Amino acid sequence: MLKLNYSIAYLKFLFSATNQHGVHSPFVYGFLTRCLYPPSPYKGTNCERIMLKMIPYFGIQRVQVYKPNDNLRLLIARTFPEVAFNSPPYDLIFREADDVKTKQLTGLDEDEVHDDSIILIRGIHRNSQAATLWERLIRSGRFTVSIDLFHCGLLFFRTGQAVQHFKIRI
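Just so we're clear, the structure is a prediction, and the values are computed from it rather than from any experiment. (Residues numbered from 1 in each chain as written. Predicted model: local features only at pLDDT ≥ 70, side-chain atom pairs only at ≥ 80, totals over all residues. Heavy atoms only, no water.)

(A) Region of interest: the overall build of the protein. Scanning the protein from terminus to terminus reveals six helices and seven strands. Counting from the amino terminus, the protein carries its helices and strands in the arrangement α-α-α-β-α-β-β-α-β-α-β-β-β. The globule rule puts the C-alpha radius of gyration for 170 residues at 15 Å, and the 15 Å found for the protein is close to it. Judged by the C-alpha coordinates and their principal axes, the protein covers about 40 × 35 × 35 Å. Here the protein holds 170 residues, and the buried ones make up 45% of them. Summarising the internal contacts of the protein: among those between residues at least 6 apart in sequence, 61% fall at separations of at least 24. By element, 54% of the accessible surface of the protein is carried by carbon and sulfur atoms, the whole surface being about 9000 Å². (Helix = DSSP H or I, 4+ residues; strand = E, 2+ residues; numbered from the N terminus. Rg over C-alpha atoms; globule rule 2.2 N^0.38 Å. Buried < 20%, exposed > 50% of the residue type's maximum accessible area, 1.4 Å probe, protein only. Contact = heavy atoms within 4.5 Å. Areas by Shrake-Rupley, 256 points an atom, 1.4 Å probe, with all protein chains shown as cover.)

(B) Looking closely at the packing of helix H3 (residues 46-58) against helix H4 (residues 70-79). Where H3 contacts H4, the axes come no closer than 11 Å and their chain directions differ by 35°. Every pair of crossing elements has a handedness; the one defined by H3 and H4 is right-handed. Contacts between H3 and H4 involve Glu 48, Met 51, Leu 52 and Ile 55 on the former and, on the latter, Leu 72, Leu 75, Ile 76 and Thr 79. Here the contact of H3 with H4 is built from residues that sort into six nonpolar, one polar and one charged. (Axes fitted to C-alpha atoms, helices over the stretch in contact; angles between N-to-C directions. Left-handed = near helix turned anticlockwise from the far one by under 90°. Nonpolar A, V, L, I, M, F, W, Y, C, P; charged D, E, K, R; others polar.)

(C) Here's a closer look at the environment of Asp 99. Position of Asp 99 among the secondary structure elements: in the loop between strand E3 (90-96) and helix H5 (102-106). Using a relative accessible area of 26% as the deciding quantity, one classes Asp 99 as partly exposed. As a C-alpha pair, Asp 99 and Asn 46 span 53 residues in sequence and 19 Å in three-dimensional space.

(D) Geometry of unusual backbone geometry. Pro 89 follows Pro 88 through a cis peptide bond whose omega is 0°. On the secondary structure map, Pro 89 appears in the loop between strand E2 (84-85) and E3. The phi angle at Phe 150 is positive, at roughly 70°, despite the residue not being glycine. Mapped onto the elements of the fold, Phe 150 is located in the loop between strand E5 (145-148) and strand E6 (152-156). Take Phe 150: its relative accessible area is 1%, and that puts it in the buried class.

(E) Fine view of the packing of helix H2 (residues 26-36) against H3. The geometry of H2 relative to H3 is characterised by a closest axis approach of 10 Å and an angle of 115° between their N-to-C directions. In terms of orientation, H2 and H3 fall into the roughly perpendicular class. Read as a crossing pair, H2 and H3 show a hand that is right-handed. In contact with Phe 27, Gly 30, Phe 31, Arg 34, Cys 35 and Leu 36 of H2, H3 contributes Ile 50, Lys 53, Met 54, Tyr 57 and Phe 58. In terms of residue class, the contact of H2 with H3 is built from eight nonpolar, one polar and two charged. (Parallel < 35°, antiparallel > 145°, perpendicular 65-115°, else oblique.)

(F) Spotlight on the nonpolar core. Counting 34 residues, the largest nonpolar core has Met 54, Ile 76, Leu 120, Ile 147 and Leu 154 as the members making the most contacts within it. Contributing elements (two or more residues each) for this core: H2, H3, strand E1 (62-65), H4, E3, strand E4 (113-122), E5 and E6. Sequence-distant contacts of Leu 154, defined by excluding residues within four places in its chain, comprise Phe 31, Met 54, Ile 118, Ile 119, Leu 120, Trp 134, Val 145, Ser 146, Ile 147 and Leu 149. Core analysis: the next-biggest nonpolar cluster, separate from the first, contains 18 residues, Tyr 90, Ala 97, Val 100 and Ile 124 among them. (Core = buried A, V, L, I, M, F, W, Y, C linked by side-chain atoms within 4.5 Å.)

This is the structure we're talking about:
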């Protein structure tokens, strides 16, 4: 039953999502065409490859991986030895949807994040609770840009930019 629900959610996503041609934000268009769409030289899951591609693209130096994931930390450290872990303010925060509470992310303070911080959440459509969490986060008003990539979601703080939410097929 879970696989069927996941498949239905994926089909709904495909019908409502767009590609770079449906994006009217120069920031998101550039991110898609210069970072996400080119083939990945990295190994790992979809979300891991996306994260690894984002590190050089955005010049990420400080990463927080919640719920210690030694394999993911090792992968980042091996690929980008200059990246520091657990040293706020974070450029990138990685979370699993199953381990997130809305208040944990909307309540981040200035010591933990900055205007260009990014939150990557894996599994935003994994189940109905994860999908509900994602909807709460994008409606919270705390994040100016959200990108739903189905397997994961990205939240950007980007102050000074109009609030925009995207569903993107990659």
